[in-house]
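The primary structure of each chain is shown beneath.
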Amino acid sequence: MGSCSSQSRSRRRSSNVVVAPSGGDFRNVADAVDMSPAGTKITIRPGTYDEKREVLIDKPLHLTGTEGASVNGNIIINLALDVEKTERVVIEKLNLTCSRSTSAVQVTAGQVMLVSCTISGGKDGLSVQGRNGFPILHTCSIISTDRAGVVFSDHAQGQLHHCMISGSSTGIVIESESEPVFFNCSITHCGTGLHARESAKGYLTNCTFEHNNKPGVLVTTRANPVLDHCSIGAGESNGVFVRDEGMGIFAVCDIWGNALPGVATCTGGDPIVSGCIVRDGRNAGVLIYDSGRGVVSGCMVRQNQMPGIEVRAGGNPVVNSCSIFKGDSNGVYVHNRGCGLFNSCSIYENVLPGVAVRTNGMPILIGSKLTTGKDNAVLICDRGRGTFIQCELIGYSTRPMEVRDGCTPFLHECVTHDGKHATVLQWLEQIPFQSMSDFDPFQPYNSGTLCSSPGLGTSTGGNSNGVGVGGGPTVGASGGLPTSTTAPATNGAAFGGSTGGPMGAAAVRPTQAATNGDPGGDVTAGVKQSPHHQPASNHHQPNSEHPLAQYQLYQQNGESPQNNNTNTNNTTTAQPHQQQPSRSRSTSSEASLHSS
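Residues numbered from 1 in each chain as written. Predicted model: local features only at pLDDT ≥ 70, side-chain atom pairs only at ≥ 80, totals over all residues. Heavy atoms only, no water.

Concerning the overall build of the protein chain
A count of helices and strands for the protein chain gives 5 helices and 53 strands. Summed over all atoms, the accessible surface of the protein chain reaches about 22400 Å², with 46% contributed by carbon and sulfur. (Helix = DSSP H or I, 4+ residues; strand = E, 2+ residues; numbered from the N terminus. Areas by Shrake-Rupley, 256 points an atom, 1.4 Å probe, with all protein chains shown as cover.)

Considering the pairing of strand S7 (residues 75–78)
Alignment of strand S4 (residues 55–57) against S7, held across 3 bridges, turns out to be parallel. The residue of S7 that forms the bridge with leucine 56 is isoleucine 76. With 4 bridges joining them, S7 and strand S10 (residues 105–115) adopt parallel strand pairing. Pairing of isoleucine 76 across the sheet is with glutamine 106, part of S10. (Pairing = 2+ DSSP bridges.)

Let's talk about the environment of leucine 204
When you line up the elements, leucine 204 lands in strand S22 (residues 203–205). Here leucine 204 falls in the buried class, since its relative accessible area comes to 0%. Residues leucine 204 and cysteine 185 lie 19 residues apart in sequence; the distance between their C-alpha atoms is 8.4 Å. (Buried < 20%, exposed > 50% of the residue type's maximum accessible area, 1.4 Å probe, protein only.)

Things to note about the pattern of salt bridges
One pass over the full model with this rule turns up 13 salt bridges. For the salt bridge of arginine 358 with aspartate 382, the shortest nitrogen-to-oxygen distance reads 3.0 Å. Residue arginine 358 is located in the loop between strand S42 (355–357) and strand S43 (364–366), and its partner aspartate 382 is located in the loop between strand S45 (378–380) and strand S46 (387–389); the two are separated by 24 residues in the primary sequence. Take arginine 358: its relative accessible area is 18%, and that puts it in the buried class. With a relative accessible area of 22%, aspartate 382 lands in the partly exposed category. Taken together, the salt bridges that share partners define one network made up of Asp31, Asp34 and Arg53. (Salt bridge = Lys/Arg side-chain N within 4 Å of Asp/Glu carboxyl O.)

Quick look at the packing of aromatic side chains
Under the definition given, this model contains 2 aromatic pairs. Each ring, one from phenylalanine 325 and one from tyrosine 348, has its centre 4.9 Å from the other, and the planes form 0°; the classification is stacked. Taken together, the residues phenylalanine 325 in strand S38 (residues 323–325) and tyrosine 348 in strand S41 (residues 346–348) connect sequence positions 23 residues apart. Looking at phenylalanine 325, the relative accessible area reads 10%, which means it is buried. The ring centre of tyrosine 289 lies 5.2 Å from the NZ or CZ of arginine 312, which sits over that ring. (Phe/Tyr/Trp six-rings, centres within 6.5 Å; stacked < 30°, edge-to-face > 60°. Lys NZ or Arg CZ within 6 Å of the ring centre and 35° of its normal.)

Notes on unusual backbone geometry
Residues other than glycine seldom take positive phi values, yet histidine 189 does so here, at roughly 55°. Along the polypeptide, histidine 189 turns up in the loop between strand S20 (186–188) and strand S21 (192–196). The class for histidine 189 is exposed, based on a relative accessible area of 54%.

Quick look at the state of the cysteines
For the structure on display, the rule yields 0 disulfides. Just so you know, cysteine 322 is unpaired, no disulfide at all, and the nearest cysteine sulfur is the one on cysteine 299, 4.7 Å from it. Cysteine 407 provides the cysteine sulfur closest to cysteine 381, a residue in no disulfide bond, and the two sulfurs are 6.2 Å apart. Relative accessible area serves as the criterion here: at 2%, cysteine 381 is assigned to the buried category. (Disulfide = S-S within 2.5 Å.)

Focus on the side chain of asparagine 238
Locating asparagine 238 in the fold gives a position in the loop between strand S26 (231–233) and strand S27 (240–242). By relative accessible area, asparagine 238 is classed as buried at 0%. Within the local environment of asparagine 238, its side chain forms a polar contact with the backbone oxygen of proline 261, the two atoms lying 3.1 Å apart. (Polar contact = N/O pair within 3.5 Å; in protein donor to acceptor, adjacent residues only side chain to side chain.)

Observations regarding the pairing of strand S2 (residues 41–44)
Here S2 shows a buried face lined by Ile42 and Ile44 and an unburied face lined by Lys41 and Thr43. Summarising the sheet, strand S1 (residues 16–19) and S2 pair through 4 bridges and their orientation is parallel. When the bridges of S2 are listed, asparagine 16 appears paired with lysine 41. Taking the sense of rotation as the criterion, the β-α-β connection linking S1, helix H2 (residues 29–35) and S2 turns out right-handed. Pairing geometry for S2 and strand S5 (residues 62–65), over 4 bridges, is parallel. For threonine 43, the partnering residue across the bridge sits in S5 and is threonine 64. (Right-handed = clockwise from strand over helix to strand, strands pointing away.)

Quick look at the confidence of the model for the protein chain
Across the protein chain, the average pLDDT comes to 77, with 67% of residues at or above 70. The model gives residues 1–13 a pLDDT under 50, and that stretch makes 5 contacts with residues more than four places away or in other chains. Note on residues 452–555: pLDDT under 50 across the span, and 262 contacts to partners over four residues away in sequence or across chains. (pLDDT = per-residue confidence, 0-100. Contact = heavy atoms within 4.5 Å.)

Quick look at the environment of aspartate 254
Inspection of the secondary structure assignment puts aspartate 254 in strand S29 (residues 254–256). For the pair aspartate 254 and isoleucine 277, spaced 23 residues apart in the sequence, the C-alpha separation amounts to 5.0 Å. Excluding residues that lie within four positions of it along the chain, aspartate 254 makes contacts with Cys230, Ser231, Ile232, Ile277 and Arg279. Side-chain polar atoms of aspartate 254 contact the side chain of arginine 279, separated by 2.9 Å.

Here it is in C-alpha cells:
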C-alpha cells in the first residue's frame, strides 16, 4: 500500500506523463488531467479514448497527441481566475470527438491554444462563453456538428487562424455582444456560413464562405461584424443577407455566383458594402427591399442574371461611385415604392434598360453616367418617377431615355448624347415642359408617404457632389441628405454648400425659393431652381426657356441656348412614348428569405 501511494505521488510530481491503452501512466485522459500538476505535459498515444465523464481542465497543462490519438468526450477548459495570464492550456494534434448533446470543447475561463486538432460531433464543435475565456485555434478543422462549428456568446472573445469549418448547420455563430477574430479561415458546405446577432461584432479577414446552403453571411438584430477581403460565393442562397436591424461592414470582398441575391437587406438592415465585387450571380447582384437600407460604395456589380441593383417595397439605399454593368437584366431596377440615392455611378452594357423605374419607384440619381446597352439607358413607365440631376445619358444603339404611361420624372442639367435612332432635335421633342418652382425632388424623403429616410442623414456633411452618404450609426452623424431648415442665400436655392463633410462638400437643403436661379453658397454641385418657368398646366406648349425652344432658336439664329449646350436638358419631365411591354425583371419575392 505504501509503495502504491509513493508511486502516485511520484507521478503527480512528474512533468511528463503518458496516456496509452497499455503501458502508459494512465489509460484515460480524464484521470491524467485530474492527477497531473500544473505545467505537466501529457502525451496521448494512438488509440480511441472513450471518456466516461467530462475532461475538466482547470490548470495549465500541455496535451499533445501522436498520430491516431482520438478523445471521445466533452472537454471543458475552466482555469481558475487567479492563474497567471501567461499560463495557458495547450492541446495539439488530437482528434476531439463528442457523441453527446454537448459541445466537444467548451471554454469558460482561461486561455487555451488548440493547434492542428480536428473537432467533430456534438451540439457545437467549440463553445466559448463569457468574458473570461480566450481560445486561440490554429490550423484546426471543425466538422460535422449538429448546430454550430464555433459559437461565441455572452461577450466572448478569441481567435481562429487558418481553420476550416464544414458540415455544420451554421459554421460560425457570434452572439450577445461577443467579438472574436478570424484570420484566413474557410467556412464551407454548411447551412449558414456565419450568423452574427444580438449586437455581436467580430472581425473576419481573408476568410472564405463558399458552397453553403443558406446565406454565406447572415447579420441580424443590431450585430455589426467587419468582413475584410473575404470571398463569399457559390452558395445556394444569398451571399450576404442583412435583416432585422442588422448592420455590418463588408470591405473589399468578392461576392460571386450565389443562387439568390449576392447582397440582400430588408427590415431595417443597414450594412456598409465598400470596394466589393458582386458578380456572376444567378439572381440580382444587390437587393434592397421591405424597408432595407445600406450604403454601397465603390463597388463593381457585374454580370448578374437579374438586376445589378434592385430596390423595392420601401428599400432606401445610398449607392455611391459604383459601376454596374454587363448584366443580363437591368443595371438598376427601382419599383414598388423603392427609393434610393445613386451618386456618381456608371451604368452600362446591360441587356435591359440600364435604369428602369416603375410602380411608384422614386430614385435620385446625381452625377451618374448612364449608357445604353442593348436597350435604353433609362426607362420610366407604369407610374415610375425619379430625379436625375447632372447625369450623362448616352445612347448608341437606341435612344438614351424612354418615358411612357404618363410618368413625370425630374431631369436637371442632364447631358444627352443620342445614338443612331434619334437626333438631338428628335430627343428634345419628346420632352414636354413643366414648372420647376413647385417640384421638390426630396419630397418622398420628407413626406414619409413613400420612403422612410433612416439611410439619409440629417446633418450637413456631404460628398464631392454635395450629397451625403448615410448618417446615423453606420456612417457617422455628419453624413446624409439633410432635412435641416438651413436657408440659402437670397439669390438662389441649392443643396451643396461651402462647409465640407467627411466626404467633401456639405449638403444644405433650402427652405425658401430662389429669386434668380443662381445657387447659394460656395456650391460644389448646386441645384438651381428658376422661378421664370410657366405653370405645369402649360407644359405642352413650351415657352422660350424650354430646351426645345432654345435649340430651335439656335438653329434659326445661330444663338447659343441660354442654359447649356445643345445636348443639355434642364427639364423636369419626359413625354410618354408608345406602349410597349415592360422591359424590367424583378427578383423572386423569395429572393432572400432564407435564414439559419
